Amino acid sequence: MTDKQPTTPGKNQGGSNSQRPHGFGPAFWWVVLVLLIIWNAMFLWPHSKPEAHIPYSTFLDQVRAANVADVLISGPQISGTFIKPLLWSESPAGGLTPSSGKAEKTKSPGARHLSGTSAGKNEGKPQKYVHFATIFPESVGDPALMPLLESQHVTVNAKVPSKPWFMALLVDWGPMLLLVVYFLWIGRQTMGKQSGMFGLGRSKAKRYSSEQPKVTFNEVAGAREAKNDLKEVVDFLQNPQKYVRMGARIPHGTLLVGPPGTGKTLLARAVAGEAGVPFFHISGSEFVEMFVGVGASRVRSLFEQAKAESPSIVFVDELDAVGRRRGAGLGATNDEREQTLNQLLVEMDGFDEHQEVIVLAATNRPDVLDPALLRPGRFDRQVTVPHPDREGREGILRIHTAKIPLAPDVNLELLSRKTVGMSGADIANLCNEAALAAARGLNKQVGMADFEEAIDKIILGGEGPSLTDPNARRIVAYHESGHALVAWFTPGTDPVHRVTIIPHGRALGVTEQVPSEEQYNYSRAYLIARIDVMLGGRVSEQIVFGDVTTGAENDLIQATRLARRMVTRWGMGSLGPVAFESDEQQPFLGYELSRGKDYSEATAAHIDKDVRKLISERCEVATRLLSSERDKLDKLAETLLREETVDEAVLKQILGPANQV
Ligand code: ADP
Ligand code: MG
Ligand code: ZN
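Predicted model only: the values in this text are computed from it and were never measured.

K.L.:
An account of the overall build of the protein is requested, with residue identities and associated values reported.
P.N.:
If you tally the helices and strands in the protein, you get 22 helices and 14 strands. For the protein, with 661 residues in total, the buried portion stands at 42%. For the protein, restricting intrachain contacts to residue pairs at least 6 apart in sequence, the fraction spanning at least 24 positions comes to 77%. By element, 56% of the accessible surface of the protein is carried by carbon and sulfur atoms, the whole surface being about 35,200 Å².

K.L.:
With reference to specific residues and values, describe the sheet that holds strand S1 (residues 51-53).
P.N.:
Strand order in this open sheet of five strands is S1-S4-S3-S2-S5, and the pairing throughout is mixed. In this open sheet, the two edge strands, each paired with only one partner strand, are S1 and strand S5 (155-158). Pairwise comparison of adjacent strand axes, ignoring direction, gives a mean angle of 30 degrees for this sheet. Two elements, strand S3 (residues 77-88) and strand S4 (residues 127-135), share eight bridges in a ladder whose sense is antiparallel.

K.L.:
Lay out helix H19 (residues 553-568) with the relevant residues and their values.
P.N.:
The end-to-end C-alpha distance of H19 is 22 Å, a good match for the 22 Å that 16 residues give at a rise of 1.5 Å each. Listed in full, the buried residues belonging to H19 are Asp555, Ala559, Leu562, Ala563, Met566, Val567 and Thr568. As for H19, its buried residues are in contact with helix H17 (470-489), helix H18 (524-545) and helix H20 (601-628).

K.L.:
Talk me through the site of ligand 1; I want residue IDs and the actual numbers.
P.N.:
With respect to spatial proximity, 14 residues lie near ligand 1, and among them Ala221, Gly261, Lys264, Thr265 and Leu266 are the closest. Separating an oxygen atom of ligand 1 from a backbone N or O atom of Thr262 is a distance of 3.2 Å. Listing elements by their share of the shell around ligand 1, those giving two or more residues are helix H8 (264-275), helix H13 (390-401) and helix H15 (424-440). Of the residues forming the shell around ligand 1, the biggest block, three residues, is contributed by H8. Residues that form the shell around ligand 1 fall into these classes: six nonpolar, six polar and two charged.

K.L.:
Break down the coordination of the zinc ion (ligand 3) for me, citing the residues and quoting the values.
P.N.:
Summarising the metal site, the zinc ion (ligand 3) is bound by the protein donors His479 (NE2), His483 (NE2) and Asp555 (OD), whose distances to it range over 2.0 to 2.1 Å. If you list the donors of the zinc ion (ligand 3) from N- to C-terminus, the spacing comes out as H-x3-H-x71-D. One end of the pair, His483, is in helix H17; the other, Asp555, is in helix H19, and 72 residues separate them in sequence.

K.L.:
Talk me through a nonpolar patch on the surface; I want residue IDs and the actual numbers.
P.N.:
Among the surface-exposed residues, Trp165, Phe166, Met167, Leu169, Leu170 and Val171 lie close enough to one another that they form a single nonpolar patch of about 670 Å² accessible area. Mapped onto the elements, Phe166 comes out in helix H5 (residues 165-193).

K.L.:
Report on the nonpolar core, specifying residues and quantitative values.
P.N.:
Generally speaking, nonpolar side chains in soluble globular proteins are found buried as a group. Counting residues in each nonpolar core, the largest one holds 28 residues, and the members touching the most others are Leu230, Leu237, Leu256, Val271, Ile313, Ile358 and Leu360. Among the secondary structure elements, those contributing two or more residues to this core are helix H6 (224-238), H8, strand S9 (312-317) and strand S10 (357-363). If we ignore the near neighbours within four places in the chain, the residues touching Leu360 are Leu230, Thr254, Ala268, Val271, Ile313, Val314, Phe315, Val316 and Phe379. Judged by nonpolar contacts, the second largest core, of 26 residues, contains Ala484, Ala487, Leu640 and Leu651.

K.L.:
Before we move on, can you summarise the packing of H18 against H19 with the specific residues and values?
P.N.:
Between H18 and H19, the least distance of the axes is 9 Å, while the angle of their chain directions is 160 degrees. Classified by the angle between their axes, H18 and H19 sit roughly antiparallel to one another. Crossing geometry of H18 relative to H19 is assigned as left-handed. Counting all contacts with H18, which are made through Arg524, Leu527, Ile528, Arg530, Ile531, Met534, Leu535 and Arg538, the residues of H19 involved are Asp555, Leu556, Gln558, Ala559, Leu562, Ala563 and Met566. For the contact of H18 with H19, the per-class residue count stands at ten nonpolar, one polar and four charged.

K.L.:
I'd like to hear about the pattern of salt bridges, residue by residue, with values.
P.N.:
Counted by the stated rule, this structure contains 21 salt bridges. Close ionic contact of Asp61 with Arg64 constitutes a salt bridge, the shortest N to O distance being 3.6 Å. Taken together, the positions of Asp61 and Arg64, both in helix H2 (residues 56-64) and three residues apart, correspond to about one turn of that helix. Look at Asp61 and you get partly exposed, because its relative accessible area is 33%. A salt bridge links Arg642 to Glu643; the shortest N-O distance between them is 3.7 Å. For Arg642, a relative accessible area of 59% corresponds to the exposed category. By relative accessible area, which is 46% here, Glu643 ends up partly exposed. Members of the salt-bridge network, linked through shared partners, are Lys418, Glu452, Asp456, Arg498 and Glu512.

About the cut-offs
Residues numbered from 1 in each chain as written. Chains lettered and ligands numbered in written order. Predicted model: local features only at pLDDT ≥ 70, side-chain atom pairs only at ≥ 80, totals over all residues. Heavy atoms only, no water. Helix = DSSP H or I, 4+ residues; strand = E, 2+ residues; numbered from the N terminus. Buried < 20%, exposed > 50% of the residue type's maximum accessible area, 1.4 Å probe, protein only. Contact = heavy atoms within 4.5 Å. Areas by Shrake-Rupley, 256 points an atom, 1.4 Å probe, with all protein chains shown as cover. Pairing = 2+ DSSP bridges. Axes fitted to C-alpha atoms, helices over the stretch in contact; angles between N-to-C directions. Expected span 1.5 Å × (residues − 1). Near = heavy atom within 4 Å. Polar contact = N/O pair within 3.5 Å; in protein donor to acceptor, adjacent residues only side chain to side chain. Nonpolar A, V, L, I, M, F, W, Y, C, P; charged D, E, K, R; others polar. Donors = N, O, S within 2.8 Å, 3.2 Å for Na, K, Ca; no water. Patch = residues over 30% accessible without salt bridge, like charges linked within 9 Å, V, L, I, M, F, W, Y side chains within 5 Å. Salt bridge = Lys/Arg side-chain N within 4 Å of Asp/Glu carboxyl O. Core = buried A, V, L, I, M, F, W, Y, C linked by side-chain atoms within 4.5 Å. Parallel < 35°, antiparallel > 145°, perpendicular 65-115°, else oblique. Left-handed = near helix turned anticlockwise from the far one by under 90°.

Below you can see the structure in the form of structure tokens.
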């Protein structure tokens, strides 16, 4: 989207069917350029007139002989005109050699006229000159010159000496040179884009030909189902006959659906790489232009290119930017988007049976797509690309650490567990951050510590400076110890991996739990234990200091949110197995603006009461636990104050075996 040049918005309306670019071709601009150069030259070329280069003494003689009409003095240069033309021969070298001794005066009245036209070469042959030039002997000076000129009634003009030649060149020709460079540049640009200077409606689809580095399915880890589905697409492209023979219609549109960064674009490129076909890649947002009709014409030329090179793949990234439900939004861009979308639908219908053009599209918002896009014959296949599971994450880690020198202590399996919820792009970023951290530390290899630092940086924000106020540090130490202790002694929670009182991002301390298994389904016991752990920090402050701080704000928000969901969505409160939909939908969809609650005020009050009851119950449980383990709490807090960070092994030393009450 950076290289568009909407210089002439009006130009594009309508027919961008033609292969020829719009506007003027490069040839036109070359003609303009040449004309400009000629015009410039005409103005700047010195108007040469024939002049005799005479010695200063000859000049004085001529003045005394009353044969000088006027002079122009410019620095040491004196030029002027004779009253009667002077017969003079220029030396071939242009030096100042008088030809036949003394210059003669001619009496012929026509001579003046004659010399005016004698512009030819003057090698040695005497000729008649009206104009002359001489050099004034500046270093010697001639105080008698002015009185002499005056006495002879010579008109005296003076001029500031002209600039040195290179300055003159720069000033006079500089702008011209700039212009030339500019035109050359434009020329190259237009050729590179194989479109006219103002080729606005031309498709910006990039072509990935088979020569370019091939991405294969090997470079995509995880996403097993997606890969299986897409292998079929590869097969269509490689052996279309196989399917045509069976009378099957080759499906044209496949929609990749998944959260950002899960490798949709990567998969699409891999399909092209595996099949070895041309790959046309364009992003939906590139279709949506300010000028009505541009998007539609882009779609048209994109598909034209693709059809010309079939079998090929058209990949429309961010389909939701153009394929939103029609008639939903507000504003002028809507009109343009609808035209673009309509054109896309037309193109997808327009394939005939034998054109092996496969349209892949990616979106993370399938819910906002126009239903017309999803009907059979268009994007009738959907391939879901979910967040990677543990195994997938390990695979992605393996791919992205392949070129990184890893220290022996790096455990990719452990890392894959610590990166729950990260997308492929997040993990790629993590590997890069770890490498950066190692480089900063001047290490030869990237170690586990570098990865941990990178994870902290990505999830929690960078490490901040340690707290200096001893009181605040004590409070944070007890707060984190509270979280850790509750987690340690509550059955069914995720194991505590690390506790630290080094601030990260906005958090003053962190207690890190790493789930041992991927969980898709959470039991009530697990969720309640989570609430216990969240409340542990605040409860610990209360027990030890008899007061609470604002440090527990985030804990409380999360615990309350979780409790509310348990009550309203998962039927885990006292309301029974009923789900009350809360309005957590995206509010910016246009067609789903504000839906309000679908339950009564009485129920709302009941929900609030239930949530409060749940939280305060769990507060009591945590208080009981921490009070009975007060000595261990103190010990952990002291260790934290001393060491700042405590890992699992040290926790075991201090607290004994985990998950036993
Ligand atoms: P999306 O298009 O889904 O938003 P991308 O395909 O652009 O995500 O992924 C961004 C980057 O993340 C990729 O270039 C790749 O480096 C990395 N990545 C994402 N998913 C995977 C995966 N499954 N395997 C390997 N690398 C991945
Ligand atoms: Mg993408
Ligand atoms: Zn906390």
